[in-house]
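Okay, here's what each chain looks like letter by letter:
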Amino acid sequence: MTDTAIETCALRKEFGANVAVSDLWLNVRRGEVFGFLGPNGAGKTTSVKMLLGLVAPTSGTARLLGAPLGDRPVRARIGFLPEHFRFHDCLTARELLRIHGRLQGVRGATLERRIEELLIRVNLADAQHLQLSKFSKGMLQRAGLAQALIGHPELVFLDEPTSGLDPLGRLLVRELIEELRARGATVFLNSHLLGEVEATCDRVVFLKQGCTLHEMPLRDAQAGLEVELRIDRTDGATLEGLRAFGRDIRQQAGAVCLQVDSEEALPAIARWLVAQGIGIRALGSRRKSLEEWFIEVMGEDQRPG
Amino acid sequence: MSVRNIITIAQLTLLEMRRRRLVLAALACGAALLVLFALAVYLLMHGPHPPRSPSLLQMTIQLQLATLAGLSCVNLLTVAVAILLPIDTLSGEIASGVMQTLASKPVRRGEIVLGKWLVFWLMSAAFIVFLVAGVVLAMRLITGFSQPHVLTAAGLMVLQASVLLGVVMMGSARLTTITTGVVAFGYYCIAVIGGLIEQIGVMMGSTGARHIGTVISLVSPTDAVWRRALHLLQPPVMAEVSVTPFAGPSVPSVAMVWWAVGFALGALLLAMRWFGKRAL
């Protein structure tokens, strides 16, 4: 079994003269919660549709759970929550889960048990016989989540899973993602709510104009730790010396800023500066928020979507 | 093809039709038609001015023509049902995004089309059987007259509905709902016009007009199938002299019926193929 859940190589999709996705490179590891970020129109939805076999790519290749794109049996191991709660709203929650469960390949008593389990898990047990057309936005989203999880998927695509949810609903989604992570499932999260992504994802990739621009870890590795130094000497030799501890070294408003991998670098920098006889007036660090990263990666030219 | 998947999609389609009260609406229209027909026949026979004791032959011809009038109304209603019932089944679900969840499951796109088609076909066929049986039984109960060739005619009506169903599924797989509706009704109207041109061509001895009509019938065989049914249903004496107000002098051949069968199946296969390639 391969360690990679999703792997794409130069995936591209054109709709006539319009290029929706120009060059998509992804490598999502099994068991991780992966954030897919980008402004509106960046090609996120088209990318997800290509991965799910809803849209055929113009060129490029991809593998999901080790199988080539479009492989039907592998789809039985994938769950998908589409954006905007798009389901047959004449069905009841139980009927929705039964139909989608059967199509996912779950049947009989196993399916009925799974439906019970999920209805309780997403707090819809008391509304299971109500038609979806009578559901609130949050209830629909929870029914959709249950639908995505009906087949015990190894890989789950969640497209804006928390949009329209109240804080309790968002908490439920976060808990479900944690449960999926705990049982080793891979989650591919497409969301505009950067706070949610920051709270749940292990890694994110930024997409702009259909191209993967930047990939970064959010958990474990201390991504985005920025060190700000106010020191007596900021000549070329000092900046060159600091390069041993981090990257993106620049001078900004009288301070020297650099990116380091972990907080371990801070005492090392201090020791080195003292050894060089450079006076330290201030040494601080802060983690860049995902929003700051987003703005930095997307660039100033990005218009609001 | 997975039979289980086709059945699940069929169950979903049936449930949806029931909840959207489509079945109820169709049945209500059909029932209204039958009541009106029965009332008209009753008034014809027992009203204030009943027919002056015609000969048995005249009576049979009149009753057969009355049955034909009823079945022609049934035919119009079934054409409308065959077009309207499935009109947004694919296009509507594609536009609303509902299809994304279905098609992302381990299901062949063809299974989705086939499951839906199966339900619409069965519903259309059941609707035709219900209405044809209603008209024939009403006539028999009120007048004692038994219309011959009913089963064959009902089969031809089902075939006509199958052709239209295939065309609508094809359109729905590729076009928007409203465009599919325009195309389907246009397609049916072209068939009717083709039939008229053919009849006029035969009556006036114009081979060119007759050939144009036949070509149109090959492209859109719905009217030709119905005209064959009418030919079977009309009084034999009138068929001999080709003067009925319903069936014209040119009778579509059995080959045309088989062409329509192939056409309906071909349309279904094309709908499956188009939907399989459609970006959702």
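Residues numbered from 1 in each chain as written. Chains lettered and ligands numbered in written order. Predicted model: local features only at pLDDT ≥ 70, side-chain atom pairs only at ≥ 80, totals over all residues.

Trainee: Hey, could you run me through the overall build of chain B in this one?
Mentor: Looking only at helices and strands, chain B has twelve helices and zero strands in total. In chain B, the succession of α and β elements from N to C terminus is α-α-α-α-α-α-α-α-α-α-α-α. Principal-axis analysis of the C-alpha atoms gives chain B an extent of 70 × 45 × 30 Å. Taking all 280 residues of chain B together, the buried fraction comes to 44%. (Helix = DSSP H or I, 4+ residues; strand = E, 2+ residues; numbered from the N terminus. Buried ≥ 20, exposed ≤ 12 C-beta atoms within 10 Å, placed from the backbone.)

Trainee: Help me understand the overall build of chain A in this model?
Mentor: Helix and strand content of chain A: ten helices and 14 strands. Projected onto its principal axes, the C-alpha coordinates of chain A cover approximately 75 × 45 × 40 Å. Classification of the 305 residues of chain A by burial places 41% in the buried group. Excluding contacts between residues fewer than 6 apart, the proportion of contacts in chain A whose partners are at least 24 apart in sequence is 69%. (Contact = placed C-beta atoms within 7 Å.)

Trainee: Whenever I open this one, the sheet that holds strand S13 (residues 255-260) of chain A confuses me. Can you help?
Mentor: The strands that make up a sheet pair up through hydrogen bonds in the backbone, lying either parallel or antiparallel. Residue and element names in this part refer to chain A. Strand order in the open sheet made by the four strands is S12-S13-S11-S14, with antiparallel pairing throughout. Each of the sheet's edge strands pairs with one partner strand only, and the pair in question is strand S12 (247-252) and strand S14 (280-287). Here the strands of the sheet are splayed against their neighbours by 20 degrees on average, with no regard to which way each runs. Relative to S13, strand S11 (residues 225-231) is paired through five bridges, and the arrangement is antiparallel. Paired with Leu-225 across the bridge in S13 is Val-260. (Pairing = 2+ DSSP bridges. Axes fitted to C-alpha atoms, helices over the stretch in contact; angles between N-to-C directions.)

Trainee: Hey, could you run me through the interface of chain A and chain B in this one?
Mentor: The figure often quoted for interface size is the accessible area lost as the parts come together. At the interface, 25 residues of chain A touch 20 residues of chain B. If you list the elements that add at least two residues to the side of chain A that touches chain B, you get helix H2 (72-75) and helix H3 (93-104) of chain A. Broken down by element, the side of chain A that touches chain B gets its largest block of residues, six residues, from H3(A).

Trainee: Sorry if this is basic, but what is going on with the nonpolar core here?
Mentor: One recurring pattern in soluble globular proteins: nonpolar side chains tend to sit buried together. Core analysis: the largest hydrophobic core is formed by 149 residues, its most contacted members being A:Ala146, A:Val187, A:Phe188, B:Leu164 and B:Met169. Ranked by the residues each element gives to this core, the list is headed by helix H6 (residues 109-143) of chain B, at 17 residues. Not counting chain neighbours up to four residues away, the residues in contact with B:Met169 comprise B:Pro86, B:Leu90, B:Val113, B:Trp117, B:Ala267, B:Leu268 and B:Ala271. Counting residues in each nonpolar core, the second largest holds seven residues, with A:Val227, A:Val260, A:Ile269 and A:Leu273 among its members. (Core = buried A, V, L, I, M, F, W, Y, C linked by C-beta atoms within 7 Å.)

Trainee: Which parts of the structure should I look at to understand the environment of B:Gly144?
Mentor: Its place among the elements puts B:Gly144 in the loop between H6 and helix H7 (150-174). For the pair B:Gly144 and B:Leu63, spaced 81 residues apart in sequence, the C-alpha to C-alpha distance is 9.7 Å.

Trainee: Looking at this model, I keep getting lost on helix H4 (residues 108-121) of chain A. Mind explaining?
Mentor: Structurally, the α-helix is built with 3.6 residues per turn, so residues lying three or four positions apart point the same way. All names here are of chain A. With 14 residues, H4 should reach 20 Å at 1.5 Å per residue; the first-to-last C-alpha distance of 20 Å fits that figure. For H4, the complete set of buried residues consists of Arg-114, Ile-115, Leu-118 and Leu-119. Along the axis of H4, the buried residues cluster in a sector spanning 130 degrees; they form a single face. Residues of H4 that are exposed and angled more than 90 degrees away from the buried face: Ala-109, Thr-110 and Arg-113. Once H4 ends, the next one or two residues include Asn-123, with phi positive near 60 degrees. (Expected span 1.5 Å × (residues − 1). Arc of directions from axis to C-beta.)

Trainee: Where do I start with the packing of helix H2 (residues 22-46) of chain B against helix H3 (residues 56-84) of chain B in this structure?
Mentor: In a packed pair of helices, the relevant descriptors are the angle between the two axes and the axis-to-axis distance. All names here are of chain B. Across the interface, H2 lies against H3 with an axial gap of 11 Å and an inter-helix angle of 170 degrees. By the angle between their axes, H2 is roughly antiparallel relative to H3. Each of Ala-26, Cys-29, Gly-30, Leu-33, Phe-37, Val-41 and Leu-44 in H2 lies in contact with H3, whose residues at this interface are Ala-66, Gly-70, Cys-73, Val-74, Leu-77 and Val-81. Split into classes, the residues belonging to the contact of H2 with H3 amount to eleven nonpolar, two polar and no charged. (Parallel < 35°, antiparallel > 145°, perpendicular 65-115°, else oblique. Nonpolar A, V, L, I, M, F, W, Y, C, P; charged D, E, K, R; others polar.)

Trainee: What is the right way to read the confidence of the model for chain B from this model?
Mentor: Where the model shows low pLDDT, its predicted coordinates should not be examined in detail. Of the residues in chain B, 93% reach a pLDDT of 70 or more, and the chain-wide mean stands at 89. With a pTM of 0.85, the predicted complex shows an ipTM of 0.82. (pLDDT = per-residue confidence, 0-100.)

Trainee: What is the right way to read the environment of A:Gly277 from this model?
Mentor: Residues and elements named next belong to chain A. Among the secondary structure elements, Gly-277 is positioned in the loop between helix H9 (265-275) and S14. On the basis of neighbour count, Gly-277 is assigned to the exposed category, with 8 C-beta atoms found within 10 Å. Sequence separation between Gly-277 and Met-50 is 227 residues, and the spatial gap between their C-alpha atoms is 58 Å.

Trainee: I tried to follow the packing of H3(A) against H4(A) on my own but got confused; where do I start?
Mentor: Residues and elements named next belong to chain A. Put simply, H3 and H4 touch, their axes get as near as 10 Å, and they point 135 degrees apart. Regarding the angle of H3 to H4, the classification is oblique. Crossing of H3 over H4 shows right-handed handedness. Contacts from Ala-93, Arg-94, Leu-97, Arg-98, Gly-101 and Arg-102 in H3 reach Leu-111, Arg-114, Ile-115, Leu-118 and Leu-119 in H4. Here the contact of H3 with H4 is built from residues that sort into six nonpolar, one polar and four charged. (Left-handed = near helix turned anticlockwise from the far one by under 90°.)

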